[in-house]
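Structural characterization, general
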Amino acid sequence: MFVSMVYHTRVNPRLSEAWLFFGNNWVTVRIIYPVRVFAGMNAAVRATVRVGLYTGAKVFFVHEGYQGLVDGGDNIRPATWESVSMMLQLGGTVIGSARCQEFRTKEGRAKAACNLVKLGITNLCVIGGDGSLTGANQFRNEWSELLAELVHAGKITSDEAKKSSHLNIVGMVGSIDNDFCGTDMTIGTDSALHRIMEVVDAITTTAQSHQRTFILEVMGRHCGYLALVTALACGADWVFIPEMPPEEKWEDHLCRRLAETRRSSRLNVIIVAEGAMDKNGKPITSNQIKHLVSERLGYDTRATVLGHVQRGGTPSAFDRILGSRMGVEAVMALLEATPDTPACVVSLSGNTAVRLPLMECVSFENNWNTYKLLAHMHPPDVKSNVSVAILNVGAPCAGMNAAVRSAVRIGITQGHHMLAVHDGFEGLAQGLPITWTEVGGWTGKGGSMLGTKRTLPAKVMEEISLNIAKFNIHGLIIIGGFEAFVGGLELLAGRQKYEELCIPIVMIPATVSNNVPGSDFSIGADTALNTITSTCDRIKQSAAGTKRRVFIIETMGGYCGYLATVAGLASGADAAYIFEEHFNIHDLKVNVEHLVEKMKTTVKRGLILRNEKCNPNYTTDFIFSLYSEEGKGVFDCRKNVLGHMQQGGTPTPFDRNFGTKMGAKAVLWLTDKLKECYRHGRIFANTPGSACVLGMRKRTLMFQPLDELRDQTDFEHRIPKTEWWLKLRPIMKILAKYKINLDTSEHAHMEHVIQKRSPVLMPV
């Protein structure tokens, strides 16, 4: 797909500078789809088109990828605001993709260049994997030579060649394989994981019933990312990936492990990457493993090759947001490009948009060690004599159990005695040992298997201190939301009076509200976000026949507007009312007028999200009544309060993987901190750094002292004073066609790929 832009001076000063640079030329951002398609492409298209139109550009689609570029004609068509409506929930690509052998030849590329020059196109945006992006870079490198040949052949004039003397390229990385260096997640990967986990969860139930062994083969070509993350997310017994070929005589080792697992479980799950091989480069297939297990162990064994189901389906909320953010960043990168700017890729590193030279990105660092620690029990010969207690605090959310499982198993491998505390701080009086096998199937379960309560420790501090001494607890892992954060602070304050509380404490954020200071993301928020997004898709679809209908949807989150904002971006909402962004009756009037104008177009539906505590007076009922009254004769309204369905359901692949990583990292930190705090034969931790929140900040997982986060917290409204996702709100409004200024003071700068970081699986 190609997006052609003509810039006008109505935009902000930074964009006006871009206008001065481009002059009167047509500026085309070409979004090329690879031959392989995947979920999330359409979100990137929608964002690029609408932000391009917002900047005053004329936008073109190029249908059928490189083939459409070579053929020209009707394959290159103008795009409008309405032409990208109702695309967010669609998988694949609405503008098509096709193989193009002709573009591999110089003659074919010359035809493509001619079509671009005739339209004044000098900017290309490419969505694809390494093949598509490498081809685009070659096209750019040949550009001057191709123009000279076209002038010599009389196909373009010298003036046309002069006006199109340079070609800028920006790539957006799209591939379910997640095999691109320099980016943590490629567009389509998270949706593929959703499809895989849906199948794994379904197969697990039948496998348990029949005591079967299931072997699942997943895609990924020469990259084992999908296989490895699937194994982490479902607690598979074994995983085969091309990056880590099994040792010699792996067949014996595999059968021994499966037999050991079967003693305490009714099923076995083995994940195989399609490119898996042994040390000698010989392929390892799912059928080969099936015959091995059936013949040697006599187990009832089934093999399933998932195939192209992994590429299809509705895109996840993460892929929609990722595609939208990358689309905006791609347009910004093209606006700032000069003839000397190298072709770049816009991508996500942690939670930060980055730009990387394209040809430095055309590899994989995995969680192999974490998987090996969690999949099979290897207790050390010498116990640590350390007891670590784990408890859940606050409202339950999906992903909590994955964090508990990971923490328990990593703790056991460290030689620790792990204690399960049921029902939050109230349950500290009844800490019980928890074993490796007890947490075996917890990764895919929603809610809290340990039980959780909102009770804070301040009123029962003495009882807690006595029980910490009674059960000889040396370290504490608290998994939960804002109550867990406040409870951690109360335990920290209690150290002044109770010496028993002078133990290392780590808090892991887990709440659908995503309102814990010290972390950009919380376990559980992604599952809630996908629940809201999928519900909004269905609600919008219900208006396809009736049309002229506006839906008012209330989301959870307390005073935190994260869910409303990010779900609004993922579902294409027209507005999202939140506490953090004050609004009044004038703003409501503007929103109603905006919807009235929208109903005059071909898009005759509207979606409004409202955070549950955004305003005590402008309630959901009030907004519904206001819209109903003011929209009479133009549109009618419906309202939905989603309620606690946002807290339920099975965890998404992201929340399973994120919880697994957080639990493992928390225990390893505790282990190091216990060694550091061991003095005179006992544990004594009373420094601020011995009680921390483990959170994700931009690009890394980091530990931050609870006491330092106190000043960064609005305790009255239970939210951090600074929230990164507020910067997404202008994007949501622009994509909804509001005339606002986009702040481009903070944008990604060109960086270089030094070393691929461990993937941090996160939305937005």
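Residues take numbers from 1 onward in each chain, read along the sequence in its written order. Selection of residues for local features in this predicted model requires a pLDDT of at least 70, selection of side-chain atom pairs for listing and counting requires 80 or more, and totals for whole chains, interfaces and linings are taken over all residues. Excluded from the side-chain calculation are hydrogens and water; included are all heavy atoms of the structure.

As recorded in an unreviewed UniProt entry, the protein goes by the name 6-phosphofructokinase, listed as coming from Scleropages formosus. Under the Catalytic activity (unreviewed entry) heading, UniProt states for the protein: "beta-D-fructose 6-phosphate + ATP = beta-D-fructose 1,6-bisphosphate + ADP + H(+)". UniProt positions are given in the numbering used here, feature names are shortened, and annotations may be inferred rather than shown by experiment. Quoted verbatim from the Pathway (unreviewed entry) field of the UniProt record, the comment on the protein reads "Carbohydrate degradation; glycolysis; D-glyceraldehyde 3-phosphate and glycerone phosphate from D-glucose: step 3/4."

1. Details of the overall build of the protein
If you tally the helices and strands in the protein, you get 24 helices and 28 strands. Note on areas: Shrake-Rupley with a 1.4 Å probe; residue coverage comes only from the protein chains shown. About 28800 Å² of surface is accessible on the protein, with carbon and sulfur atoms providing 51% of the total. Every helix listed is a DSSP run of H or I at least four residues long, and every strand listed is a run of E at least two residues long, numbered separately from the N terminus.

2. Examining helix α9 (residues 225–234)
Classification of residues uses two cut-offs on accessible area relative to the type maximum, computed with a 1.4 Å probe and protein chains only: under 20% is buried, over 50% is exposed, and between them is partly exposed. Within α9, 10 of the 10 residues are buried, which leaves it mostly tucked inside the rest of the structure. What α9 keeps buried is the set Tyr 225, Leu 226, Ala 227, Leu 228, Val 229, Thr 230, Ala 231, Leu 232, Ala 233 and Cys 234. Where α9 terminates, the next one or two residues include Gly 235, which has phi positive at roughly 70 degrees.

3. Looking at the side chain of Asn 530
For Asn 530, the location among the structural elements is in helix α17 (residues 525–541). A relative accessible area of 12% places Asn 530 in the buried class.

4. Describing the sheet that holds strand β21 (residues 605–611)
Two strands in a sheet stick together by hydrogen bonds in their backbones, pointing the same way (parallel) or opposite ways (antiparallel). Two strands qualify as a pair provided that DSSP identifies no fewer than 2 bridges between them. With parallel pairing, four strands are arranged side by side in an open sheet as β20-β21-β19-β22. The outermost strands of the open sheet, each flanked by one partner alone, are β20 (575–577) and β22 (636–641). Ignoring which end each strand starts from, the neighbouring axes of this sheet average 20 degrees apart. As defined by bridge partners, strand β19 (residues 549–555) adjoins β22 across six bridges and the pair is classed as parallel. For Phe 551, the partnering residue across the bridge sits in β22 and is Arg 638. Here a residue-residue contact requires only that any non-hydrogen atoms of the pair lie within 4.5 Å. Only the stretch in contact is used when fitting a helix axis, every axis being a line fitted to C-alpha atoms; angles between N-to-C directions are given from 0 to 180 degrees. Against the sheet, α17 contacts β19, β21 and β22, and its axis sits at roughly 150 degrees relative to β21. Across the face of the sheet, helix α19 (residues 562–571) comes into contact with β19, β20 and β21 while running at roughly 160 degrees to β21.

5. Structural notes on the packing of aromatic side chains
Pairing of aromatic rings covers Phe, Tyr and Trp, the last through its six-membered ring, and needs centres within 6.5 Å; plane angles under 30 degrees mean stacked, over 60 mean edge-to-face, and all others mean tilted. Under the defined criterion, the tally for this structure stands at 16 aromatic pairs. For the pair Phe 654 and Phe 658, a centre-to-centre distance of 5.0 Å together with 20 degrees between the ring planes defines the contact as stacked. Of the two residues, Phe 654 and Phe 658 both sit in helix α22 (residues 653–676), four residues apart, roughly one turn of that helix. Note on accessibility: Phe 654 and Phe 658 belong to one class, buried.

6. Observations concerning the sheet that holds strand β10 (residues 301–305)
Reading across the sheet, the four strands line up as β8-β9-β7-β10 and stay open at both edges, with parallel pairing between neighbours. With partners counted over all chains shown, the strands left at the sheet margins are β8 (238–240) and β10, one partner each. Taking each pair of neighbouring strands and ignoring which way they run, the sheet shows an average axis angle of 15 degrees. The pairing of β8 with strand β9 (residues 268–273) spans three bridges and is classified as parallel. Its bridge partner lying in β9, Trp 238 is registered against Ile 270. Of the strands in this sheet, β7 (213–218) and β10 touch helix α8 (residues 189–210), which is tilted by about 170 degrees from β7.

7. Details of α22
Take the number of residues in a helix, subtract one, and multiply by 1.5 Å to get its expected span. Here α22 contains 24 residues, and its C-alpha end-to-end distance of 35 Å stays within 8% of the 34 Å for a straight helix at 1.5 Å per residue. With 19 of 24 residues buried, α22 is to be regarded as a mostly interior element.

8. Some points on the packing of helix α4 (residues 106–118) against helix α6 (residues 143–152)
Running from N to C, α4 and α6 point in directions that differ by 80 degrees, and their axes come no closer than 9 Å. Taken together, α4 and α6 sit at an angle that is classed as roughly perpendicular. From α4, Lys 106, Arg 109, Ala 110, Ala 113, Cys 114, Leu 116 and Val 117 reach across to α6, where they touch Trp 143, Glu 145, Leu 146, Leu 147, Glu 149 and Leu 150. Here roughly perpendicular refers to angles of 65 to 115 degrees, roughly parallel to angles under 35, roughly antiparallel to angles over 145, and oblique to all remaining angles.

9. Notes on unusual backbone geometry
Non-glycine residue Asp 423 carries a positive phi angle of around 65 degrees. Its location among the elements puts Asp 423 in the loop between β14 (417–421) and β15 (432–433). The exposure class of Asp 423 is partly exposed, given its relative accessible area of 33%. Even without being a glycine, Asn 514 presents a positive backbone phi close to 55 degrees.

10. Observations concerning the confidence of the model for the protein
Close reading of the predicted structure is inappropriate where its pLDDT is low. Put simply, the protein has an average pLDDT of 84, and 88% of its residues get 70 or more. Within a predicted model, pLDDT stands for the predictor's per-residue confidence, ranging from 0 to 100. Of all secondary-structure elements in the protein, the lowest mean pLDDT belongs to helix α1 (residues 13–22), at 26, while strand β18 (residues 505–509) reaches the highest, 97. Within the model, the stretch residues 1–28 combines pLDDT values under 50 with 113 contacts to residues more than four positions away or in other chains. Scored below 50 in pLDDT, residues 755–764 shows 49 contacts in the model against residues more than four places distant or in partner chains.

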